[in-house]
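# Examination of the molecular architecture
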Amino acid sequence: MPIHGIAQLNYAVKDLGEANKFLDVFGLSKVDETSSSSTFEVLSGQRVYVRHLGDPALPPSSVIGDGVHEAIWAIADQPSFDRLLADLSRDHQITTDSDGTAHFVTDFGQAIGLRLQQFRPVVSSPSPFNAPGVTNRLNAPRKWSTRAIPKTISHAVWGVPDVDEVFAFYRDRLNFRLSDVQKGFGLYLRAPRSTNHHSVFLADANLEMLGFSGKLQFHHANFGLEDIDEIMVGKNYLERHGYDTKGWGFGRHRLSSEAFLYVPSPLGGQAEYGADCDQVDDRWKPRVWEANFGAALFVHDMPEFLSREPEWDVTYATPETSRFLPFDHK
Ligand SMILES: [Fe+2]
């Protein structure tokens, strides 16, 4: 069941015009626009699809508020697509679009789609770093760019009322792998044919500090850039176009190692620029992290919870350290 990443995020938004404007400045390319919807894509061909909140053309789901109401996942080959659909159709009502995309809603109210799709190959050429004693660039400046152009849609995050239930579905029915556990916060899961550290983060929807209210709710989506220079160029470009990039500012997670910038999004939740994420495969050993320690190696505008150095607290996941183990790689 080789799901290899997000094919498309279907957003329900409060203002279609504002959403279109933001996506353009954020760096996505417009593929299609009508009076009721728009479609954008990143370089890999992964897409963002936008409709008004409450539009009956959106799939039914229990997601409250605006943001991503359905994620469509990409599968590389027809036999795998057919096998997965045959299994899911045992206990889900499947509908299929004219383009072959299958849709269903889980018992926990999340709309999920499946689509046969290969991503376009993305070629990056980040500038090498010099360091004292290490010259990787001689007589060569760093690359200059004027704006960020997202290459990939790396992951999406929802608050879910019952993390255990949702994890069991993604593990047992979609064959996702557990990458890491953030204690008290949630689980980082990887699509089985992706090497990105996580394709989805299942956050505990009872965490009020993340803006949740106990219900299924979108939090953010991550768009992959080439390097930290591109993140900061994108930040300045957004600011020049009137967008607020305040909050944590630029930083780097310890958990996944990914450099980040979170931007409040008129599409709901936040849009995240990301770069330099850990790439892992089935030899990766999941770890269990204290939440604050895993959250950040550094943050430009340090949040209150990092005002004291967090305790070093991370260990490999074992049945003793994580109630989410053992987990099977099928
Ligand atoms: Fe993220």
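Above this note sits the structure.
Just so it is clear, the structure is predicted and the values come from calculations on it, not from any experiment. Note that residues are indexed from 1 along each chain, following the sequence as it is written. A pLDDT threshold of at least 70 governs which residues receive local features in this predicted model, and a stricter bar of 80 or more applies before side-chain atom pairs are shown or counted, although totals over entire chains, interfaces and linings include all residues. As a rule here, side-chain values cover all heavy atoms of the structure and leave hydrogens and water aside.

## Structural notes on the sheet that holds strand β4 (residues 47–52)
- We treat two strands as partners when DSSP finds at least two bridges between them. Helix and strand definitions here come from DSSP, where helices need a minimum of 4 consecutive H or I residues and strands a minimum of 2 consecutive E residues; each element is numbered from the N-terminal end. Read across the sheet, 8 strands follow the order β2-β3-β4-β1-β5-β8-β7-β6 without closing on themselves; strand pairing throughout is mixed. Where the open sheet ends on each side, the last strands, each with one partner, are β2 (29–33) and β6 (95–96).
- Looking at chain direction, strand β7 (residues 102–105) and strand β8 (residues 111–116) are connected through 4 bridges and run antiparallel. Residue pairing in the sheet places H103 in a bridge with G113 of β8.

## A short note on the coordination of the iron ion
- Any N, O or S atom lying within 2.8 Å of the metal counts as a donor, and for Na, K and Ca the limit rises to 3.2 Å; water is left out, so some sites can look incomplete. Of the protein atoms, only H155 (NE2), H220 (NE2) and E272 (OE) coordinate the iron ion, at distances of 2.1 Å.
- The sequence motif formed by the donor residues of the iron ion is H-x64-H-x51-E. Of this pair, H155 sits in strand β9 (residues 152–160) while H220 sits in strand β13 (residues 217–224), and the two are 65 residues apart along the sequence. In terms of burial, H155 and H220 fall into one category: buried. The classification of residues rests on relative accessible area computed with a 1.4 Å probe and restricted to protein chains. Under 20% of the type maximum is buried, over 50% is exposed, and intermediate values are partly exposed.

## Considerations on the environment of Y11
- Within the secondary structure layout, Y11 lies in strand β1 (residues 3–13).
- Of the residues examined, Y11 reaches a relative accessible area of 3% and is grouped as buried.
- Remark: the alpha-carbon pair of Y11 and A71, spanning 60 residues in sequence, is separated by 8.9 Å.
- Pairs of residues are marked as contacts when any of their non-hydrogen atoms sit within 4.5 Å. The residues touching Y11, leaving out its near neighbours within four places in the chain, are V48, Y49, V50, R51, L58, G67, V68, F218, A221, F223 and L267.

## Comments concerning helix α1 (residues 16–26)
- Buried within α1 we find L16, A19, N20, F22, L23, V25 and F26.
- The N-capping residue of α1, defined by a side-chain oxygen 3.0 Å from the backbone nitrogen of G17, is D15. Polar contact criterion, stated in full: a pair of N or O atoms within 3.5 Å, where within protein one must be able to donate a hydrogen and the other to accept it, and residues adjacent in sequence count only if both atoms are side-chain atoms.

## Quick look at the nonpolar core
- Throughout this description, the term nonpolar core refers to a set of buried Ala, Val, Leu, Ile, Met, Phe, Trp, Tyr and Cys residues connected via side-chain atoms within 4.5 Å. One finds Y11, V48, W73, L114, Y170 and F223 to be the most contacted residues of the largest nonpolar core, which totals 68 residues.
- Among all residues touching F223, those that are not within four sequence positions of it are Y11, F26, L28, V42, V48, P150, T152, I153, A271, E272, Y273 and G274.
- If you look at the next biggest cluster of nonpolar residues, it comprises 12 residues, including F185, F201, A203 and F212.

## Some points on the pairing of β2
- Both β2 and strand β3 (residues 37–41) contribute to a ladder of 4 bridges, which runs antiparallel. Pairing of K30 across the sheet is with F40, part of β3.
- Linking β2 to β3, which pair antiparallel, is a turn of 3 residues.

## Observations concerning unusual backbone geometry
- The phi torsion at S256 lies on the positive side, around 90°, for a residue other than glycine.
- Inspection of the secondary structure assignment puts S256 in the loop between β14 (251–252) and β15 (259–264).
- Of note, the phi angle at D276 is positive, near 65°, even though the residue is not glycine.
- For D276, a relative accessible area of 52% gives the class exposed.

## Topic: helix α3 (residues 163–172)
- Where α3 is concerned, the buried positions are V163, V166, F167, F169, Y170 and R171.
- In this structure D162 caps α3, since a side-chain oxygen of it lies 3.2 Å from the backbone nitrogen of D164.

Geometric descriptors of this kind do not, in isolation, establish any biological role.
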